[in-house]
Amino acid sequence: MEAFATALPALSDAWALILQPVVLGYLVLGVVMGLAVGVFPGLGGIAGLSLLLPFMFGMDPILGLALMIGMVAVVPTSDTFASVLMGIPGSSASQATVLDGFPMAKKGEAARALSAAFASSLFGGLVGATFLTVFILVARPIVLAFGLPEMLMITILGLSMVAVLAGRYALKGLAAAGLGLMIGTIGEADAGGSLRMSSYDLPYLTDGLKLVIVGLGIFAIPEIVSLLRQDRSIAKGAQLGGGWVDGVRDWFANIWLSVRCSIIGVVVGVIPGLGGSVVDWIAYGHAVQTTKDKSNFGKGEVRGVIGPESSNNAKEGGGLVPTLLFGIPGSGSMAIFIGAVALLGSGSIEVGPGMLKNNLDITYSIVWLLALANVVGTVLCIAASGGIAKLTTIRFTYLAPFLFMLISFAAFQSGQNFEDLLALFVIGLIGIFLRRFDWSRPAFLIGFVLSNPVEKFTNQAFQIASFRFRKSFDQGIEYIFSPIVIVLIVITVVSVFFGIRQAKSIMAEGDVKAGSKRAPVIFLLVIAGYLLTAFINASMIPDYNMTDKVIPLVIGGFALLCCLILMVQMMMRPEGDPIFADKEVAGDEADAPYGLWSTLAWFASLIAGTFFVGFILALVGFLIAFFRVRAGASWPRTLLLTAAGIAFMCLMAGALNRDFPPGLLQGMVDLPWPLK
């Protein structure tokens, strides 16, 4: 009863917070932005939130949350367009939708497939929000009992799950998470101030890498480059056909399938790290298993759309459970969400037990915003279907330069340094090769985000435990091995055991064909080389700053061991084994008319031009050259598109009071805005 007495005023306050015209306006804006991002295959919520991240600093908390929740909620709905109309998974959470959604579109039933998907997504999103409401109410007293050892243990649980369940080879997932953790430790340590993998010869690295740069580099750049290499329109046709009402009827006729798959989505979302890469396949498998006549699956069975779409929206509510309650990201987008919340307002809001204790009204505001965003997102998706279907027939070559433009601008806002653009390019390269060789990018990103909490909880728990052990052995043991910690240890061990058994059926980057040994082995050697360098660098920290070196040494050593075992396996196995997965062997990557390096050279030219003449002048040259040479556009179209891009950039920077990256020219000549 006490829990209800505390929660009811917070629930009322939450409604008062969000039922303001300005808050609802920001929610709709976030939904529109999420709709725009979700249409492009592969970008998803991670890239979208990464673009928003630089603008969250100092924003009113409820407005910033409305903007982010609007985007997070609608991406799993809007990515259905890519899956149904294009036959390309809009994100990792919509891979299974392609199997039956695209065949329905080819039969002229695109509208029926989309309406069934939107109805399922709306229902799943509302189920996720309802579950989150009840779970916070019930779990709040337990969560508030969590201390440092408990938080450290649940962080380890999250890391173990995301690493083991990240792909067909558990060792790749573990190594990817370890690599993300090690890159997350770059810079000045919080405890003793020691420098790791940085020096004052490279002052940029002293503060470490920013989350917005890592998020955009790991996810957005690889997908943009991949689509650009194929040089075609995203979809071949824009015919939706009829059947909007039929799709809703299909959903209602299969409502119990939608209920079951929504529950699956919530449960999978609660487990840190599983998220979208697996939930739709589990739901699709359940839909197949519970259907008597299985012959139509893969040929246009509407149940094959309803199941995955119900689950992938419900998982957002489930994913917010570990995110809000423990500060452990339930997915890659939740990892970005955690970083963004810390930037809001005065920085006093921090996800985890403290949020439930001090900001319960804001916690419930997130729940209600999630529910509202699902409703608004579904309505907008239905209303915009015709226009979006036409948009997908535009050659991606005309869209890519604008995406490069936005990504570069957003990355620069994270630190206001030209080096931000260089870091974006380097991290983008890492993302491209992780994607190519079937290494889990979500595992890498979540490892990066959790690097600081792992170190903080470990050091603080160690100091308190040492003090208690000095008092008595019993007090120390009681502090470390509390009942909650013991339960979490058991859960971690059990989850790892079953996770390793199930890992073979989970594909980190889809069904990637295997190739020769050479390229995957070279990539593994590069990863191992960096880990070894970071390990040696950490070992050189003086022993009196032991707290600064322990975590990098332990994680680096473990990740190196994973790489060593992988290397032995690669040496023993024949070419063609799945361990040598390589996207350049078969599929869109192998058949692409343009090569990787020639495509990346365009992005590199924008960065190089910025170094010399500043962002706006470099952007003018980049857009004109790209549209004329790469896209083969006429001069009038080239100049019109270039002017539109520059005008949009100036409008955005002016409205947000942001600067553009300067170059050598700006240091020598006093130029007017926006050239300076």
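This is a predicted model, so every value here is computed, not measured.

Caption draft 1: Examining the overall build of the protein chain more closely. Assigned secondary structure in the protein chain consists of 30 helices and two strands. The proportion of buried residues among the 676 residues of the protein chain is 58%. Across the protein chain, the fraction of contacts at a sequence separation of at least 24, relative to all contacts at a separation of at least 6, is 81%. Summed over all atoms, the accessible surface of the protein chain reaches about 26300 Å², with 68% contributed by carbon and sulfur.

Caption draft 2: Fine view of helix α24 (residues 518-539). Compared with an ideal rise of 1.5 Å per residue, which puts 22 residues at 32 Å, α24 spans 31 Å between its outermost C-alpha atoms and is within 8% of the ideal. Considered for burial, the residues of α24 that qualify are A519, P520, V521, F523, L524, I527, A528, L531, A534 and A538. In this structure, the buried side of α24 is in contact with α9 (170-184), α20 (419-436) and α25 (546-572).

Caption draft 3: Structural detail: helix α10 (residues 211-230). Given a rise of 1.5 Å per residue, 20 residues ought to cover 28 Å, and the 29 Å separating the end C-alpha atoms of α10 matches this to within 8%. Along α10, the sharpest change in direction is near 35° and occurs at G217.

Caption draft 4: The nonpolar core, seen in detail. If you look at the biggest cluster of nonpolar residues, it comprises 192 residues, and the most contacted ones within it are M68, L209 and F337. Sorting elements by how many residues they give to this core places α10 first, with 13 residues. The residues contacting L209, other than those within four sequence positions of it, are I183, I186, Y204, V214, A423, I427 and F448.

Caption draft 5: Quick peek at the packing of helix α21 (residues 441-471) against α25. For the pair α21 and α25, the least separation of the axes is 10 Å and the interaxial angle reads 130°. Of the possible angle classes, the one that applies to α21 and α25 is oblique. Remark: the crossing between α21 and α25 carries right-handed chirality. Here V454, E455, T458 and N459 of α21 come into contact with α25, specifically with T547, D548, I551 and P552.

Caption draft 6: Highlighting the packing of helix α27 (residues 596-613) against helix α28 (residues 615-630). Where α27 meets α28, the axes come as close as 7 Å, and the angle between the chain directions of the two elements is 150°. By the criterion of interaxial angle, the relationship of α27 to α28 is roughly antiparallel. Here α27 and α28 pass one another in a crossing that is right-handed. The residues of α28 that touch α27, namely those facing T599, W602, S605, L606, G609, T610 and V613, are F615, L617, A618, L619, F622, A625, F626, V629 and R630. Here the residues of the contact of α27 with α28 sort into eleven nonpolar, four polar and one charged.

Caption draft 7: Geometry of the packing of aromatic side chains. Scanning all chains against the criterion turns up 18 aromatic pairs. Arranged with centres 6.1 Å apart and planes meeting at 20°, the rings of Y398 and F627 form a pair that is stacked. Residue Y398 is found in the loop between α18 (385-391) and α19 (400-415), and its partner F627 is found in helix α28; the two are separated by 229 residues along the sequence. For the pair formed by Y398 and F627, the shared burial category is buried.

Caption draft 8: The side chain of E455, seen in detail. Mapped onto the elements of the fold, E455 is located in helix α21. Its relative accessible area of 9% is what places E455 among the buried residues. Ignoring any residue separated from it by four or fewer positions in sequence, one finds E455 in contact with R196, T547, D548, I551 and P552.

Caption draft 9: View of a nonpolar patch on the surface. A contiguous nonpolar patch, built from L561, L564, I565, V568, M571 and M572 and spanning about 600 Å² of accessible area, is present on the exposed surface. Tracing the backbone shows L561 in helix α25.

Caption draft 10: Here's a closer look at the side chain of S262. Tracing the backbone shows S262 in helix α12 (residues 255-270). For S262, a relative accessible area of 0% gives the class buried. Those residues within four positions of S262 in sequence are excluded, and the remaining contacts are F123, G124, V127, S310, S311 and A314.

Caption draft 11: Geometry of the environment of T638. Here T638 is to be found in helix α29 (residues 635-656). Residue classification places T638 among the buried positions, given a relative accessible area of 0%. Sequence spacing of T638 and I624 is 14 residues, and the spatial spacing of their C-alpha atoms is 6.0 Å. In contact with T638, other than residues within four places in its own chain, are I624, F627, R628 and A633.

Caption draft 12: Quick peek at unusual backbone geometry. The backbone phi angle of D438 is positive, close to 65°, even though this residue is not glycine. Along the chain, D438 turns up in the loop between α20 and α21.

Caption draft 13: Representation of the environment of N312 within the structure. Tracing the backbone shows N312 in helix α14 (residues 303-326). Linking N312 and S262, residues 50 residues apart in sequence, is a C-alpha distance of 7.8 Å.

Cut-off values and rules
Residues numbered from 1 in each chain as written. Predicted model: local features only at pLDDT ≥ 70, side-chain atom pairs only at ≥ 80, totals over all residues. Heavy atoms only, no water. Helix = DSSP H or I, 4+ residues; strand = E, 2+ residues; numbered from the N terminus. Buried < 20%, exposed > 50% of the residue type's maximum accessible area, 1.4 Å probe, protein only. Contact = heavy atoms within 4.5 Å. Areas by Shrake-Rupley, 256 points an atom, 1.4 Å probe, with all protein chains shown as cover. Expected span 1.5 Å × (residues − 1). Bend = angle between axes of the 7 residues up to and from the residue. Core = buried A, V, L, I, M, F, W, Y, C linked by side-chain atoms within 4.5 Å. Axes fitted to C-alpha atoms, helices over the stretch in contact; angles between N-to-C directions. Parallel < 35°, antiparallel > 145°, perpendicular 65-115°, else oblique. Left-handed = near helix turned anticlockwise from the far one by under 90°. Nonpolar A, V, L, I, M, F, W, Y, C, P; charged D, E, K, R; others polar. Phe/Tyr/Trp six-rings, centres within 6.5 Å; stacked < 30°, edge-to-face > 60°. Patch = residues over 30% accessible without salt bridge, like charges linked within 9 Å, V, L, I, M, F, W, Y side chains within 5 Å. Salt bridge = Lys/Arg side-chain N within 4 Å of Asp/Glu carboxyl O.

Treat this as a map of the structure, not an account of what it does.
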